[in-house]
Amino acid sequence: MKLILKLILIIVIIIGTYIYVFKERCIFIYKDINDKITFFKEDDSDIITAFTKGMKTHDYYKTLTDKPYTLSKTSDIYQNINYDFEKHLHYNEIEKLINNLNKSDSTIISVIGSSVDKRSIYSIEIGYGSNTILFDAGIHAAEVAGPLFIIKYLIDLVNDYENNEDEAINIINNYKIIIIPCINPDGYEATLFGTKYINNKNLYIYQNRKDIIFKTYKGNANGVDLNRNFPSQHGGLYYSNNILNETVSLEPTLGYFDYFPGTRLGSEPETKAVMSWLENNLNNASAYISLHSAGRVIYSGKPNLSAAFNNKSLRLAKIVSQVNNYTAYDKTEEEVGYGNDGTSTDYASEIISDFKFSKKTGRLSASSYQNPKIKEVINTGIITLETLSEYTFDLNIIKEEYYNQKLYKVFTKLIKNQE
Ligand SMILES: [Zn+2]
């Protein structure tokens, strides 16, 4: 009997110590981000269906506290590399170009996460200024032109800087440009070169390779459209007075314009990498530009957000259209609450509008769904920049777009916020 009592005592002490230590650890890690959580009681009675679960609170915390890994600098000398769309680049060739960019003193390269099939996702920071501009590309698999455009721009900019060209020196000394060149490297690689390059043959993208239409495939290796997977306020749900948008799919995408947001928001490692990257960089940024590749349009507004935000973003869109006549759309081209929200720009726009994560919904929140209280003063503009008239892998068309639509000039003007 005494032995049993002793055993129980020991177990109680072990469990008690574990809870105490774990709790301390939680408080230690999460202390500084507790203000990102809301305890609002949302009025969400007007939501009829949340068809995708929200993010779990501890997962959200963990995502936000994930720190990038910065590549060390070596004494190697930067080499001029001239890429001019001669060939498609495997993702590991893009990684080689990134490693070469790391040889310039003007860059800091970090790994911000890894994809479902274990490819590194990079953030490239260039410049010594404090005025910060964010770009990302390649969230949609078949939109392979975005990564090529931004890589081409970077190589030209750093080549010019290393060769003492005035304009590049001016940009690099006065601005800080932070870029994710390819958010969805598995989708990029499989789309361009085939699923034989997918390492884990158990993944959805390999298992369903015969049914997937890679020409228009948007998903990651799990068949999730990452650009619907962000835990923005309206991600994965629709209002009672709306009809579910016809593009939304409740099953993994096969590439027929069927956008699957995942069974849970924030479920994908690529989404998490972008979330922590935005968390680390967005508050200092004057602009965030997300590159896509279909339609020659710029989306620049969110109907549920402030006039200050929409004006700032529309200004960015007009900077682009003044150079190359792409069509600048304002907030009237966007809809909210039809089930197709949850994009990276939805999420980023709400972060800068001071939305907080809600434990109740597992999404960002601004107190009420249809009449949110939102921050009015905004210093950041956000746009989705769609290059090319339609989806293509044709390098001649991609190259023509870069030169004829003056994308070098577009990117430079966006960085300088210059009309
Ligand atoms: Zn896209």
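Quick caveat, the model's predicted, so the values are computed rather than measured.

Draft legend 1. Broad picture of the coordination of the zinc ion. Here the zinc ion is held by the protein donor atoms His140 (ND1), Glu143 (OE), Glu143 (OE) and His292 (ND1), which lie 2.1 to 2.6 Å from it. Considering all four donor atoms around the zinc ion, angles at the metal cover 55 to 144° and the coordination shape is irregular. For the zinc ion, the single-chain donor residues occur in sequence as H-x2-E-x148-H. Here His292 lies in strand S9 (residues 285-292) and Glu143 lies in the loop between strand S6 (131-137) and helix H4 (145-162), a separation of 149 residues in the sequence. Note on accessibility: Glu143 and His292 belong to one class, buried.

Draft legend 2. Fine view of helix H2 (residues 57-65). For H2, the set of buried residues is Thr57, Tyr60, Tyr61, Thr63 and Leu64. Projected down its long axis, H2 shows its buried positions confined to an angular sector of 165°, all on one face.

Draft legend 3. Layout of helix H3 (residues 91-101). Within H3, burial applies to Tyr91, Ile94, Glu95, Leu97, Ile98, Asn100 and Leu101. Its buried side turned inward, H3 meets strand S4 (107-114), strand S5 (120-126), H4 and helix H6 (185-193).

Draft legend 4. Structural view of the domain arrangement of the chain. For the chain, the domain assignment lists domain 1 (1-38) and domain 2 (40-416). Spacing between the C-alpha centres of domain 1 and domain 2 amounts to 39 Å.

Draft legend 5. Inspection of the confidence of the model for the chain at higher detail. Here the chain shows a mean pLDDT of 90. Residues at 70 or above account for 91%. Note on residues 23-34: pLDDT under 50 across the span, and eight contacts to partners over four residues away in sequence or across chains. Low pLDDT (under 50) marks residues 36-42, which in the prediction has 23 contacts with non-local residues, meaning those over four places away or in another chain.

Conventions used here
Residues numbered from 1 in each chain as written. Predicted model: local features only at pLDDT ≥ 70, side-chain atom pairs only at ≥ 80, totals over all residues. Heavy atoms only, no water. Donors = N, O, S within 2.8 Å, 3.2 Å for Na, K, Ca; no water. Tetrahedral: all angles 85-135°; square planar, octahedral: opposite > 155°, others 65-115°. Helix = DSSP H or I, 4+ residues; strand = E, 2+ residues; numbered from the N terminus. Buried < 20%, exposed > 50% of the residue type's maximum accessible area, 1.4 Å probe, protein only. Arc of directions from axis to C-beta. Contact = heavy atoms within 4.5 Å. Domains from an automatic or database assignment. pLDDT = per-residue confidence, 0-100.

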